[in-house]
Amino acid sequence: MSHSLDRIGTDRPPRVRIAPSPTGPLHIGTARTALYNYLYARHMGGAFVLRLEDTDQARGSIAYEKDILDGLHWLGLRWDEGPEVAGEAARGPHAPYRQMERLPNYAAAAERLLAADMAYPCYCTPDELESDRTAQEAAKLPPRYVGRCATLTPAERAAREAEGRRGALRFRVGTGVVAFDDIVRGRVEIDVANLGGDFVIVRGDGSPLYNFTVVVDDADMEISHVIRGEDHISNTPKQLLIFRALGYPEPRYAHLPLILNPDRTKMSKRKSQTALSDYIAQGFIREALVNYLALLGWATGTEEEVLSIDEIAERFDLEAVHKGGAIFDRDRLEWLNGQWIRRLEPGDLIDRLRPFVEAEHVARRIDWIPSDDELRAFLPVMRERLPTLGAIGDLAGFLWVEAVPVDPAVLVPRRWDADTTRDGLAAARSTIAAVGEVTFEADELEPPLRALAEARGWKAGDLFMAIRVAITGRTATPPLFDTMVALGRDRVLERLDRAMAVLGGGHRR
RNA sequence: GCCCCCAUCGUCUAGAGGCCUAGGACGCCACCCUUUCAAGGUGGAGAUCAGGGGUUCGAAUCCCCUUGGGGGCACCA
């Protein structure tokens, strides 16, 4: 029994799948698993299937389903076969791709198992099960189903049914060792005795459970390679047993290392940001996320670091995937995000910035929304200063507000006092005012202002800093002259006046 | 408790017996560039390859043990 049946033809193009459960928003780990499946399919010229595992009706929701589908879409992971979405019909020869619509398949498979006595009805109550478990725990034994209903006679079953009890269906685990050759881990062997006894495959209410549906569906959909998280290793023998009981060929398995919290535990919502939608909302772009995720647990073997999804698919090799878990390193993600932002075409960057600019407006952090032309003009100095798209407000928000708050304490440069600052700003104002409205360019602003500083014996940096704070309200900004151009002559002069007013009276002369 | 898995700089990793006095990247530090902030460039600190035994002329790479870490043990997926 420890020998596998025929494998699905290894000579044919592989069929892989991602099978998310809509019980939460798309998790970054699920996203990576989906990506690896996608990459493997693309690399091998196989098919990437999407299946929704929605049998947990208590926890699942349509909102989560949408979040997951949108997220996968956003990442650019197009599935070759999958359920209907947003009015679009289901795609692929194995429809439906939603488990709640495949119930008859599970019922038929369950019937076969029951008829062959490879599964049996179990009438144990939750209370009985619970007390079994506590007793085992007290005796320091591993939790396991005691088999109370394993040998019920037809008469005994009938008696229970007559009492109105609805039996769950348990799969007979038997004895022996189940082994499989994992593509990333090599040979894995697990003694059936450690599976926790006969396990439930169909609930008392007739709904099927994960370890059962996954096998029925993977077999129906002719999935050849199951690429999933390492947390599924202990489920594999159970599933293999069902594949065999049903007479289905076994897929090959590849168990991916987990993505970890900084403390090396499995990445969780409690300790890390796990929802892909949160990363999207913060302004990470798909190119960076895909690039980062692909390189978390796998490497090209070369020193290439910044790669597009196509370049990655070209190089992808499941056998080179790591065995050890990897901590999610946000700093590295941000670096890659910056790399990719700088690689975007200007028009593309503007389109992607749009929602973030609008969000700033909605949050009333800016007074109006800049036009594409305004954004485009300032793009060259913005792009290398944006770690994420969401940083746009911090970086350039001062451009799109009526007035900027100026703190006199930061307005006065370190080496200057209030009087010098007032003088400097006044002098700068007339110098700037002298520059023509039409030809208000960075090239024309810098020389006269430098000359002014020199004539007055000021360090150019001090003068520039005072102007910077006066017109932006902050000490760290894009280059000053580009900033003045973006603001426009009138607004620069107006802000200088306002800043001088902030400094108050104390007329000197 | 039981079963399974894993183990190279702080982090992601290269490395598949001699090319390794262990390479790259992020982060960190310094310098350069520079009006601030970034970006970019150069350089630096940072790993007795978890520890101990073997095998071998030779081990980060193969084997064993120990230690450490993780995952799983549901009528969740």
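So, how was this worked out
Residues numbered from 1 in each chain as written. Chains lettered and ligands numbered in written order. Predicted model: local features only at pLDDT ≥ 70, side-chain atom pairs only at ≥ 80, totals over all residues. Heavy atoms only, no water. Helix = DSSP H or I, 4+ residues; strand = E, 2+ residues; numbered from the N terminus. Rg over C-alpha atoms; globule rule 2.2 N^0.38 Å. Buried < 20%, exposed > 50% of the residue type's maximum accessible area, 1.4 Å probe, protein only. Contact = heavy atoms within 4.5 Å. Areas by Shrake-Rupley, 256 points an atom, 1.4 Å probe, with all protein chains shown as cover. Lys, Arg positive; Asp, Glu negative; His and termini not counted. Charge placed at Lys NZ, Arg CZ, Asp CG, Glu CD. Near = heavy atom within 4 Å. Polar contact = N/O pair within 3.5 Å; in protein donor to acceptor, adjacent residues only side chain to side chain. Nonpolar A, V, L, I, M, F, W, Y, C, P; charged D, E, K, R; others polar. Pairing = 2+ DSSP bridges. Axes fitted to C-alpha atoms, helices over the stretch in contact; angles between N-to-C directions. Right-handed = clockwise from strand over helix to strand, strands pointing away. Domains from an automatic or database assignment. Buried area = accessible area lost by both parts, 1.4 Å probe. Salt bridge = Lys/Arg side-chain N within 4 Å of Asp/Glu carboxyl O. Disulfide = S-S within 2.5 Å.

(A) How the structure looks around the overall build of chain A. Of regular secondary structure, chain A possesses 20 helices and 11 strands. Here chain A has a C-alpha radius of gyration of 32 Å; the compact-globule value for 509 residues is 23 Å, and the former is much larger. If you line up chain A on its principal axes, its C-alpha atoms span 110 × 50 × 45 Å. When burial is assessed residue by residue, chain A has 49% of its 509 residues classed as buried. Intrachain contacts of chain A at a sequence separation of at least 6 include 75% that bridge at least 24 residues. When the accessible surface of chain A is summed, it comes to about 24,000 Å², and 51% of that surface belongs to carbon and sulfur atoms. Averaging the locations of the 65 positively and 77 negatively charged side chains of chain A gives two centres separated by 3 Å.

(B) Expanded view of the protein's contact with RNA strand B. As a structural note, the neighbourhood of RNA strand B is formed by 61 residues, with Asp56, Glu384, Arg385, Arg450 and Arg468 the closest of them. At the protein interface, 73% of the atoms of RNA strand B within 4 Å belong to sugar or phosphate. Thr477 places a main-chain nitrogen or oxygen 2.7 Å from a base nitrogen of RNA strand B. Per element, the largest residue contribution to the surface near RNA strand B is five residues, and it comes from helix H11 (residues 330-343). Across the surface near RNA strand B, the residue classes tally to 24 nonpolar, 15 polar and 22 charged.

(C) Expanded view of the sheet that holds strand S7 (residues 199-202). An order of S3-S4-S7 is seen for the three strands of this open sheet, with the pairing classed as antiparallel. Two strands lie at the open edges of the sheet, namely strand S3 (119-122) and S7, each paired on one side alone. Adjacent strand axes in the sheet meet at a mean angle of 45 degrees when their direction is disregarded. Bridge analysis of S3 against strand S4 (residues 168-171) gives four bridges, and the strand direction is antiparallel.

(D) Structural context of the pairing of strand S2 (residues 47-50). Taking every second residue as pointing to the same face, both faces of S2 are buried, with Ala47 and Val49 on one and Phe48 and Leu50 on the other. In this sheet, S2 lies alongside strand S1 (residues 15-18) in parallel orientation, the contact comprising four bridges. Counted as the bridge partner of Arg15 is Ala47 from S2. Crossover handedness for the path S1 to helix H1 (residues 28-44) to S2: right-handed.

(E) The domain arrangement of chain A, seen in detail. For chain A, the domain assignment lists domain 1 (276-344) and domain 2 (350-502). A C-alpha centroid distance of 36 Å is found between domain 1 and domain 2. Contacts between the two partners involve 15 residues from domain 1, matched on the other side by nine residues from domain 2. When the two sides are added together, the surface that domain 1 and domain 2 hide from each other amounts to roughly 930 Å², 51% of it contributed by carbon and sulfur. The largest share of the area that domain 1 buries against domain 2 comes from Ile341, Arg342 and Leu344, three residues that together contribute 46% of it. Where domain 1 meets domain 2, there are one salt bridge. The salt bridge partner of Arg352 is Glu287, with a shortest N-O separation of 2.7 Å. Our enumeration of links across domain 1 and domain 2 arrives at seven residue pairs in polar contact (both at pLDDT 80 or more).

(F) Up close: the state of the cysteines. Applying the stated rule across the entire model yields zero disulfides. With no disulfide partner, Cys149 has as its closest neighbouring cysteine sulfur the one in Cys124, 3.6 Å distant. Cys149 gets classed as buried once you look at its relative accessible area, which sits at 2%.

(G) Fine view of the side chain of His94. Tracing the chain through its elements places His94 in the loop between helix H2 (62-75) and helix H3 (103-115). For His94, a relative accessible area of 14% gives the class buried. Residue contacts for His94: discarding those within four places in its chain leaves Arg15, Glu81, Arg102, Asp220, Met221 and Glu222.

(H) Focus on unusual backbone geometry. Following Ala95, the chain continues into Pro96 via a peptide bond in cis, with omega recorded as -5 degrees. Of note, Pro96 is situated in the loop between H2 and H3. With a phi close to 75 degrees, Arg264 is a non-glycine residue in the positive phi region. Locating Arg264 in the fold gives a position in the loop between strand S10 (259-260) and helix H8 (276-282). Notably, Arg364 is not glycine yet its phi reads approximately 60 degrees, a positive angle. Relative to the elements of secondary structure, Arg364 occurs in the loop between helix H12 (346-362) and helix H13 (372-383). You can call Arg364 exposed: its relative accessible area is 74%.

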